[in-house]
Amino acid sequence: MKNNLLCLVFLFVSASCFAQFGVKAGLNFNSNGELREVVTVGENIIEESGDAKVGYHFGAYYNIDLGKLYLRPEVVYTKTKSEYQSNAYDMSKIDVPVLLGLDVIGPLSVFAGPSFQYTLDNDFENATISDVENDITVGFNFGAMVKIGNIGLDVRYERGFTENEANILDSNNVQIGTLDSRPSQIIFSLSLKL
């Protein structure tokens, strides 16, 4: 047992020697899932996809160099917005992507990995919206990065896997529709190695 613990500590300390800490920020072009709205008490249901609007993000990362491969966990605050006809849907969340990257050639690398998301707040303009079903959801990221000195530029696509609906309520707190809050977004980031 002691040998296993010593090996684990040695591995962690060795990886930390090759680790790089940094900060990042950028823009998101987000579109959440479908809005399903009941128009009357009958069977009339309107389904509408949201229009992507610009959001933003900022956070930190920890890059562990493994030769041509690297492991890059991140912690990022993300604010997104989508529009549905006359209503806007705002959401803020904490994203924790865990990315595995490969240095391809020179400063270019590609990466992919899961993203764990914790919903902090959601707001639907001109209506009341309930909390989402699941505060914690899972998505997937993939993209490419160019590193120039201490600066990194990356573009990635993120898609939420876990269905996560919020109920839209009228003034009497009666459900009049649902909104799928899964992200589908293109993310542009600028990072700085500290």
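Residues numbered from 1 in each chain as written. Predicted model: local features only at pLDDT ≥ 70, side-chain atom pairs only at ≥ 80, totals over all residues. Heavy atoms only, no water.

**Some details on the confidence of the model for the protein**
Argument step 1. Chain-level pLDDT for the protein is 78 on average; 63% of the residues reach the 70-or-more range.
Argument step 2. Within the protein, the element-level pLDDT minimum falls on helix α1 (residues 2-17), averaging 52, and the maximum on strand β13 (residues 184-193), averaging 93. (pLDDT = per-residue confidence, 0-100. Helix = DSSP H or I, 4+ residues; strand = E, 2+ residues; numbered from the N terminus.)

**Notes on the pattern of salt bridges**
Oppositely charged side chains are able to pair whenever their charged atoms sit close together.
Argument step 1. For the coordinates displayed, the defined rule picks out 7 salt bridges.
Argument step 2. Residues arginine 72 and glutamate 74 are paired through a salt bridge, measuring 2.8 Å at the closest nitrogen-oxygen approach. Accessibility assignment for this pair places arginine 72 and glutamate 74 in one class, buried.
Argument step 3. In this structure, the salt-bridge partner of lysine 147 is aspartate 103, at a minimum N-O distance of 3.5 Å. Separated by 44 residues along the polypeptide, lysine 147 in strand β9 (residues 136-148) and aspartate 103 in strand β6 (residues 87-105) bring together distant segments of the chain.
Argument step 4. When its relative accessible area of 22% is taken as the criterion, aspartate 103 is described as partly exposed.
Argument step 5. One connected set of salt bridges, linked through shared partners, spans Lys24, Arg72, Glu74, Asp154 and Arg156. (Salt bridge = Lys/Arg side-chain N within 4 Å of Asp/Glu carboxyl O. Buried < 20%, exposed > 50% of the residue type's maximum accessible area, 1.4 Å probe, protein only.)

**Some words on the pairing of β6**
Argument step 1. By the bridge criterion, 14 bridges tie strand β5 (residues 69-84) to β6 in an arrangement that is antiparallel. Its bridge partner being in β6, proline 73 is matched across the sheet by valine 98.
Argument step 2. Pairing of β6 with strand β7 (residues 108-124), which is carried by 14 bridges, proceeds in the antiparallel orientation. When the sheet's bridge partners are listed, serine 92 is paired in β7 with aspartate 121. (Pairing = 2+ DSSP bridges.)

**Here we look at the packing of aromatic side chains**
Argument step 1. Applying the stated criterion to the full structure yields 4 aromatic pairs.
Argument step 2. For the pair phenylalanine 21 and tyrosine 62, a centre-to-centre distance of 4.6 Å together with 55° between the ring planes defines the contact as tilted. Highlighted residues: phenylalanine 21 in strand β1 (residues 19-31) and tyrosine 62 in strand β4 (residues 51-66), separated in sequence by 41 residues.
Argument step 3. With a relative accessible area of 18%, tyrosine 62 lands in the buried category.
Argument step 4. With a centroid separation of 5.4 Å and an interplanar angle of 40°, the aromatic rings of phenylalanine 58 and tyrosine 77 are classed as tilted. Remark: tyrosine 77 occurs in strand β5 and phenylalanine 58 occurs in strand β4; sequence separation between them is 19 residues.
Argument step 5. Using a relative accessible area of 46% as the deciding quantity, one classes phenylalanine 58 as partly exposed.
Argument step 6. Here the basic side chain of arginine 72 rests over the ring of tyrosine 61, its NZ or CZ set 3.7 Å away from the ring centre. (Phe/Tyr/Trp six-rings, centres within 6.5 Å; stacked < 30°, edge-to-face > 60°. Lys NZ or Arg CZ within 6 Å of the ring centre and 35° of its normal.)

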